[in-house]
Amino acid sequence: MSGWRKWLPIGVVGLLVLATAFPFYWAIVSSLTPEARLFEAPSLLPTNLVLDHYRALFDERNFWIPIRNSLVVAGTTTVLCVSVGALCAYALARLDFRFKGVVLGFILAVTMFPQISIVSPLYLLLRELRLINTYPGLVLPYLTFAMPLTVWLLVGFFRQLPRELEEAAMVDGASRLRAFREIILPLALPGLATTAILTFVYSWNEFLFALSFTLGPERQTVPVAIALFRGQYQVPWGQILAAAVVATAPVAALVLAFQRRIVQGLTAGAVKG
Amino acid sequence: MASVRLENVHKTYPNGHVAARGLDLEIEDGELLVFVGPSGCGKSTALRMIAGLETPSSGRVCIGDRECTELPPQDRDIAMVFQSYALYPHKTIRENLAFGLRMRGTGKDEMEQRVDRAAGALGLEEFLERKPGQLSGGQRQRVALGRAIVREPQAFLFDEPLSNLDAKLRVQTRAELSRMHRRLGATMVYVTHDQEEAMTLGTRVAVMHEGIFQQVAPPMEVYRRPANRFVGGFVGSPAMNFFECQLTEEDGKPRLATGELSVSLEPGDWLGEAGNAVILGVRPHDIELVATEVADVPARVDVIEPLGSEMLIHLQVGTVEEGQAVRAVIPPEAQASVDDAVGLRFRRDRLHIFHSESERRLN
């Protein structure tokens with residue numbers, strides 16, 4: 001094999017990694033650079049690193065509050081979504097009942113509405129229910145969007161599991177729910193992890209609903225808080241980038257922790273085994 | 001252990017497929033009954049209805065003295081071995097074996113004892129801490145058997161448990177199953193499409209076709225006296241030869257004739273009125289090669305397949321267009337070569353005669 005043939009793929013992958021990773025690198029570097037130097041001619045290798053922005057973030061802006069809000073909202077959404085979604089998907093994948101196709105189609109149809117088109121009706125609805133500026137006021141709309149994805153992913157996942165496994169468990173004396181818990185759930189773990197992370201990332205990053213259905217900083221989530229950093233006369237880039245780094249960290253950690261499971265989940269069924 | 005009874009069981013699937021049309025059967029306590037038939041005959045459905053994995057459209061299923069037509073599988077106290085083994089891949093072999101006992105709330109000490117005993121009987125001790133994925137096909141099959149044995153259930157159900165094994169292991173495991181049945185004295189229902197497996201294993205064989213039992217009898221009786229044309233053709237290898245004949249009379253004796261074929265019967269063998277159409281069945285093993293003068297039918301040798309212990313020959317009776325192919329199994333030392341004109345003689349005490357329309361056995 002000639003030299004360039006060997007190095008070409010490595011070069012291409014290298015470029016790709018560079019293109020995806022560089023913004024993160026730049027955000028991290030900038031968030032550590034003093035405000036005054038941010039607008040000087042930038043250098044790739046930072047020299048004077050300070051934690052000023054991070055200190056300001058937590059001391060002056062109470063960034064703990066949006067992080068707490070986001071964790072509560074995204075966490076609750078994920079837990080509800082996966083637990084209810086798993087049961088729902090199992091029923092759709094395995095039980096015989098009428099109008100199964102219709103139900104599946106309906107679930108999918110819900111996701112088809114553009115988010116912006118339902119903001120106003122949802123706002124009115126939530127106001128009637130007195131849920132504006134509360135956690136449930138965000139969790140409920142998120143569920144309506146995350147649940148269909150979860151159900152569809154998990155239906156596919158459950159269908160791949162051989163039916164005989166549950167039948168064997170039931171002949172062995174397990175009830176259907178017991179068989180689900182003991183046999184199906186452990187085997188579907190990669191799928192559950194995948195859907196859980198997708199749901200968490202979706203709810204963590206969601207902006208439009210979070211902006212529309214919260215009123216003040218005590219219930220604002222991370223994306224909304226960051227967007228509202230900019231003042232009338234200045235944009236605090238250093239703090240915005242610091243906040244972005246802080247907001248990305250938990251998601252990145254989560255994805256890395258479950259990386260193997262996700263890859264398994266996304267490719268499951270491609271090969272037997 | 002318990003008996004299993006099916007009473008007029010029907011099953012129609014939602015898509016309209018009829019898998020059982022009136023199954024009546026009593027499987028006795030301690031019996032090994034084999035459901036055998038071609039694929040799609042309803043044998044698996046029949047087994048699954050006994051297991052409770054399918055519900056009959058009508059009729060009753062009883063295990064022991066208990067009616068359990070509508071009972072879910074977990075309340076039936078039966079064990080089942082699946083074709084795919086269906087081992088729980090995320091559990092160790094020990095957990096796989098213990099699962100059924102745990103579900104039924106067996107005490108810890110007894111559970112361990114029973115698991116160890118079953119593992120010992122099947123030679124699985126050294127694999128107990130492994131996962132199914134680390135085992136070979138034959139070992140997995142043993143685990144599937146073990147999972148059924150530890151339960152000590154009312155009845156064992158087997159759904160083609162040997163079909164994923166290679167030929168050698170299959171014969172070995174078949175013998176082991178026979179031994180296991182004798183030792184446990186257990187009621188077993190076994191499904192297979194392989195008639196050889198059915199013949200060697202079963203105390204009785206239930207031949208199934210199009211959702212009904214065609215014949216339920218001990219293996220030798222099914223072979224010697226098939227109840228109808230389907231059973232005659234399905235059981236036995238190579239398959240039975242069939243000739244569509246007329247029943248005629250000659251010198252006061254009944255005779256079967258068609259084309260060049262002419263088989264005279266004893267006067268006692270009256271099978272109905274002369275002129276009736278019947279089907280004559282002859283097994284390849286019941287055909288001898290003889291001189292053409294004394295033959296029941298002349299034929300031409302088409303293909304010869306020496307099998308070592310015997311010889312399978314394919315013959316042509318009549319012309320290629322109008323005649324039919326016949327297979328015969330003859331001793332290996334017989335003299336025959338391709339294109340020879342030979343005579344065939346059928347063993348008189350081994351003739352099978354069926355009604356041409358109902359296809360029911362007449363003699």
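Residues numbered from 1 in each chain as written. Chains lettered and ligands numbered in written order. Predicted model: local features only at pLDDT ≥ 70, side-chain atom pairs only at ≥ 80, totals over all residues.

### Structural notes on the overall build of chain B
A count of helical and extended segments in chain B gives 8 helices and 20 strands. Each principal axis of the C-alpha distribution contributes one length, and for chain B these read about 80 × 45 × 35 Å. Out of the 363 residues belonging to chain B, those deemed buried represent 41%. In chain B, once contacts between residues fewer than 6 apart in sequence are set aside, the share between residues at least 24 apart is 63%. (Helix = DSSP H or I, 4+ residues; strand = E, 2+ residues; numbered from the N terminus. Buried ≥ 20, exposed ≤ 12 C-beta atoms within 10 Å, placed from the backbone. Contact = placed C-beta atoms within 7 Å.)

### Points about the sheet that holds strand β2 (residues 18–27) of chain B
Backbone-to-backbone hydrogen bonds pair the strands of a sheet. The strands run either parallel or antiparallel. The strand order β2-β1-β4-β5 (chain B) describes an open sheet built from 4 strands, whose pairing is antiparallel. At either end of the open sheet lies a strand with only one pairing partner, and these are β2 and β5 (66–67) of chain B. (Pairing = 2+ DSSP bridges.)

### Quick word on the sheet that holds strand β12 (residues 253–258) of chain B
Residues and elements named next belong to chain B. Read across the open sheet, the 5 strands follow the order β13-β12-β11-β14-β20; overall the sheet is antiparallel. Where the open sheet ends on each side, the last strands, each with one partner, are β13 (261–264) and β20 (352–355). Going from strand to strand, the sheet's axes swing by 35 degrees on average, the running direction of each strand aside. (Axes fitted to C-alpha atoms, helices over the stretch in contact; angles between N-to-C directions.)

### Brief notes about the packing of helix α1 (residues 3–31) of chain A against helix α12 (residues 237–257) of chain A
Axes are the key here: two packed helices are described by the angle between their axes and the distance separating the axes. Residues and elements named next belong to chain A. Relative to each other, α1 and α12 sit at 125 degrees, their axes nearing to 8 Å. Viewed along their axes, α1 and α12 adopt a mutual orientation that is oblique. Our pair here, α1 against α12, has a crossing hand that is left-handed. Facing Ala27, Ile28, Ser30 and Ser31 of α1, the residues of α12 in contact are Trp237, Gly238, Leu241, Ala242, Ala244 and Val245. For the contact of α1 with α12, the per-class residue count stands at 7 nonpolar, 3 polar and no charged. (Parallel < 35°, antiparallel > 145°, perpendicular 65-115°, else oblique. Left-handed = near helix turned anticlockwise from the far one by under 90°. Nonpolar A, V, L, I, M, F, W, Y, C, P; charged D, E, K, R; others polar.)

### A closer look at unusual backbone geometry
Note the cis peptide between Ser237(B) and Pro238(B), where omega equals -5 degrees. With respect to the helices and strands, Pro238(B) occurs in the loop between α8 (229–234) and β11 (241–250). With a phi close to 60 degrees, Phe99(A) is a non-glycine residue in the positive phi region. With respect to the element layout, Phe99(A) can be found in the loop between α3 (64–94) and α4 (100–110).

### Remarks on the interface of chain A and chain B
Listed by partner, the interface residues are 15 residues for chain A and 18 residues for chain B. For the side of chain A that touches chain B, the elements supplying multiple residues, two or more each, are α7 (163–171) and α8 (176–187) of chain A. Sort the elements by how many residues they give to the side of chain A that touches chain B and α7(A) lands first, with 6 residues. Looking at the side of chain A that touches chain B residue by residue, the class counts come to 9 nonpolar, 2 polar and 4 charged.

### Some details on α1(A)
For α1(A), which comprises 29 residues, the first-to-last C-alpha distance of 40 Å matches the rise-based estimate of 42 Å (1.5 Å per residue) to within 8%. Burial of α1(A) is sparse: only 2 of the 29 residues sit out of reach of the surface. (Expected span 1.5 Å × (residues − 1).)

### Remarks on the pairing of strand β17 (residues 311–317) of chain B
Residue and element names in this part refer to chain B. Sheet analysis places strand β16 (residues 297–306) next to β17, joined by 6 bridges and oriented antiparallel. Bridged to Arg300 within β17 is Gln316. Joining the antiparallel neighbours β16 and β17 is a turn of 4 residues, in which Gly308 adopts a positive phi near 95 degrees. As defined by bridge partners, β17 adjoins strand β18 (residues 324–330) across 7 bridges and the pair is classed as antiparallel. Residue pairing in the sheet places Leu315 in a bridge with Val326 of β18.

### A word on the packing of helix α2 (residues 93–103) of chain B against helix α3 (residues 108–122) of chain B
Residue and element names in this part refer to chain B. Contact geometry for α2 and α3: axes closest at 10 Å, N-to-C directions at 130 degrees. One way to sum up the angle between α2 and α3 is to call them oblique. Seen along the crossing, α2 lies across α3 with a hand that is right-handed. Where α2 approaches α3, its residues Arg94, Leu97, Ala98, Leu101 and Arg102 are matched on the opposing element by Met111, Arg114, Val115, Ala118 and Ala119. Grouping the constituent residues of the contact of α2 with α3 by class yields 7 nonpolar, no polar and 3 charged.

### Remarks on the environment of Ala341(B)
All names here are of chain B. In this fold, Ala341 is placed in strand β19 (residues 341–346). Here the alpha-carbon distance between Ala341 and Arg142, two residues 199 residues apart in the chain, equals 53 Å. Leaving out residues up to four positions away in the same chain, Ala341 has contacts with Thr292, Pro298 and Arg300.

### Points about the nonpolar core
Counting residues in hydrophobic clusters, the biggest one holds 126 residues, and the most contacted among them are Val34(B), Met80(B), Leu157(B) and Val189(B). Ranked by residues supplied to this core, first place goes to helix α6 (residues 136–160) of chain A with 13 residues. In contact with Leu157(B), other than residues within four places in its own chain, are Leu47(B), Ile50(B), Ala51(B), Ile78(B), Met80(B) and Val189(B). Counting residues in hydrophobic clusters, the runner-up holds 25 residues, among them Met240(B), Leu256(B), Val263(B) and Ile287(B). (Core = buried A, V, L, I, M, F, W, Y, C linked by C-beta atoms within 7 Å.)

### A short note on the confidence of the model for chain A
Residue and element names in this part refer to chain A. Taken residue by residue, chain A gives an average pLDDT of 86. The fraction at 70 or more is 94%. Here helix α13 (residues 259–267) stands out as the least confident element of chain A, with mean pLDDT 63; helix α10 (residues 208–213) is the most confident, with 94. Overall, residues 268–273 carries pLDDT values under 50, and its contacts beyond four positions in sequence, including any with other chains, amount to 5 contacts. (pLDDT = per-residue confidence, 0-100.)

### Observations regarding the confidence of the model for chain B
Scored by pLDDT, chain B has a mean of 91; 99% of the residues are at 70 or more. In the predicted assembly, ipTM is 0.85 and pTM is 0.82.

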